[in-house]
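# Structure assessment
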Amino acid sequence: MASTGEWCGTSVQDRAAKLDDDGAGQVVDGKTIPSPALAELYQEAKDLQLYGISLPTKHGGMGVPASLHMVVLGQLSRACVASSTQLAFFTSIGEMIHRFCDEETADRLVPKIVSGELSGSMCLTEPGCGSDLGLIRTTAAPQADGSYQINGSKIFITNGGGGIHFTLARVNGAPEGLDGISMFLLEQDLGDGKNNFNVVKNEEKMGMHGSFTTEILYENSKAHIIGKEGEGFKMMLHLMNEARIAVGMQSLGVIEASIGYAVQYANERQQF
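Throughout what follows, the structure given in this document is the object of discussion. Just so it is clear, the model here is predicted, and its values are computed rather than measured. (Residues numbered from 1 in each chain as written. Predicted model: local features only at pLDDT ≥ 70, side-chain atom pairs only at ≥ 80, totals over all residues. Heavy atoms only, no water.)

Turning to the nonpolar core, a few remarks are in order. Membership of the largest hydrophobic core comes to 53 residues, with the highest contact counts inside it found for Trp7, Leu87, Ile97, Phe166 and Met183. Contributing elements (two or more residues each) for this core: helix H1 (2–22), helix H2 (36–47), helix H3 (66–79), helix H4 (81–100), helix H5 (103–114), strand E6 (163–171), strand E7 (181–187) and helix H6 (232–268). Sort the elements by how many residues they give to this core and H4 lands first, with eight residues. In this structure, Cys123, Tyr148, Phe184 and Ile216 belong to the second largest nonpolar core, which totals 14 residues. (Core = buried A, V, L, I, M, F, W, Y, C linked by side-chain atoms within 4.5 Å. Buried < 20%, exposed > 50% of the residue type's maximum accessible area, 1.4 Å probe, protein only. Helix = DSSP H or I, 4+ residues; strand = E, 2+ residues; numbered from the N terminus.)

Right, here's the structure in full:
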């Protein structure tokens, strides 16, 4: 933790203002392209082997307890919340793949996350469907080879250009409401030179400009179901419950930084 703390207190913190000014990057040909500042963050995290900190050793990770990963997120957040948000989607998506996908998929994808080649996102929110996930309209059509075709759009997706999506959709003919929601794994690059799904845009936000918040378009996108039909909402809660702890650590990091700035200002301020 000492090495990550030193890194966060120097390089990450020193780059925070530039990352906010320059932004996370651009959307080009349906993919997100990191800005130089974000690319620099990614490389430094790779050098420190942070992407696999709590992922299994058999996939190249360190296999440390998830609690230590949360401590690192707190350190990152004290220096730069946008940086902590972007980096969190490597380990969290890797953990979802390890937990819920078959062994072949985990063996193929998790090492790429550990090496920094891939990250991902959880794709829930749609136009007109935010807190009430039972209104999801993204569809999934079964195919003869066992895959599914996904059609629809998602909005406000953090790190939507990471390469991997866990997407909630409704299989054709499934009931309305939460019981009809299934979870699917999609990869943007299937090796055929085409995008399996497209990032449409990066949202302009009031703050945290160093983190991608994207709109996603699925058009006959190839996907594989995770678990069984109708189990999507319950599996999604696993990532969301972990994310709530992570957001709590982010909040703690911001509070610590705020107190630090306040104390420094109080000690320096000369008045009367």
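Under the 1.5 Å per step criterion, the end-to-end length of H6 is 54 Å for 37 residues, consistent within 8% with the ideal 54 Å. Gly232, Met235, Met236, Leu239, Ala246, Gln250, Gly253 and Ala257 are the residues of H6 that are buried. Buried positions along H6 lie against H3, H4, strand E3 (119–123), E6, E7 and strand E9 (213–226). (Expected span 1.5 Å × (residues − 1). Contact = heavy atoms within 4.5 Å.)

This part is about the packing of H2 against H4. Helix-helix packing: each pair is described by the crossing angle between the helix axes and the interaxial distance. One can describe the packing of H2 onto H4 by two numbers: an axis separation of 11 Å at closest approach and a directional angle of 50 degrees. Looking at the two axes, H2 sits oblique to H4. Judged by the twist between their axes, the crossing of H2 over H4 is right-handed. Taken together, the residues of H4 that come into contact with H2 (itself represented by Leu38, Leu41, Tyr42 and Ala45) are Ser83, Gln86, Leu87 and Phe90. Of the residues belonging to the contact of H2 with H4, the class tally is six nonpolar, two polar and no charged. (Axes fitted to C-alpha atoms, helices over the stretch in contact; angles between N-to-C directions. Parallel < 35°, antiparallel > 145°, perpendicular 65-115°, else oblique. Left-handed = near helix turned anticlockwise from the far one by under 90°. Nonpolar A, V, L, I, M, F, W, Y, C, P; charged D, E, K, R; others polar.)

Moving on, we come to the pairing of strand E2 (residues 31–34). Judged from the four bridges that link them, strand E1 (residues 25–28) and E2 form a sheet pairing that is antiparallel. Bridge pairing in E2 links Val28 to Lys31. From the end of E1 to the start of E2, which pair antiparallel, there are two residues, and Asp29 there has a positive phi angle of about 55 degrees. (Pairing = 2+ DSSP bridges.)

Let's shift gears to the pattern of salt bridges. Under the criterion given, the structure shown has 11 salt bridges. The partner of Glu95 in a salt bridge is Arg99, with the nearest N and O atoms 2.9 Å apart. Of this pair, Glu95 and Arg99 both sit in helix H4, separated by four residues, roughly a single helical turn. For Glu95, a relative accessible area of 15% gives the class buried. Residue classification places Arg99 among the partly exposed residues on the basis of a relative accessible area of 46%. Note that Asp145 and Lys222 form a salt bridge whose closest N and O atoms lie 3.9 Å from each other. Taken together, the residues Asp145 in the loop between strand E4 (139–142) and strand E5 (148–158) and Lys222 in strand E9 connect sequence positions 77 residues apart. The class of Lys222 is partly exposed, set by a relative accessible area of 36%. By sharing partners, the salt bridges in this structure join Arg15, Glu40 and Glu44 into a single network. (Salt bridge = Lys/Arg side-chain N within 4 Å of Asp/Glu carboxyl O.)

Mapped onto the secondary structure, Ser92 falls in helix H4. Ignoring anything within four residues of it in the chain, the contact list for Ser92 reads Leu239 and Glu242.

What follows is about a nonpolar patch on the surface. On the surface, Ile255, Ile259 and Val263 cluster together to form a nonpolar patch covering roughly 270 Å² of accessible area. On the secondary structure map, Ile259 appears in helix H6. (Patch = residues over 30% accessible without salt bridge, like charges linked within 9 Å, V, L, I, M, F, W, Y side chains within 5 Å. Areas by Shrake-Rupley, 256 points an atom, 1.4 Å probe, with all protein chains shown as cover.)

What follows covers the packing of aromatic side chains. A full pass over the atoms with the stated rule returns four aromatic pairs. When the ring of Tyr42 is compared with that of Phe90, the centres are 5.5 Å apart and the planes differ by 75 degrees; the resulting orientation is edge-to-face. Taken together, the positions of Tyr42 in helix H2 and Phe90 in helix H4 put the pair 48 residues apart, joining distant regions of the chain. A relative accessible area of 16% means that Tyr42 is categorised as buried. (Phe/Tyr/Trp six-rings, centres within 6.5 Å; stacked < 30°, edge-to-face > 60°.)

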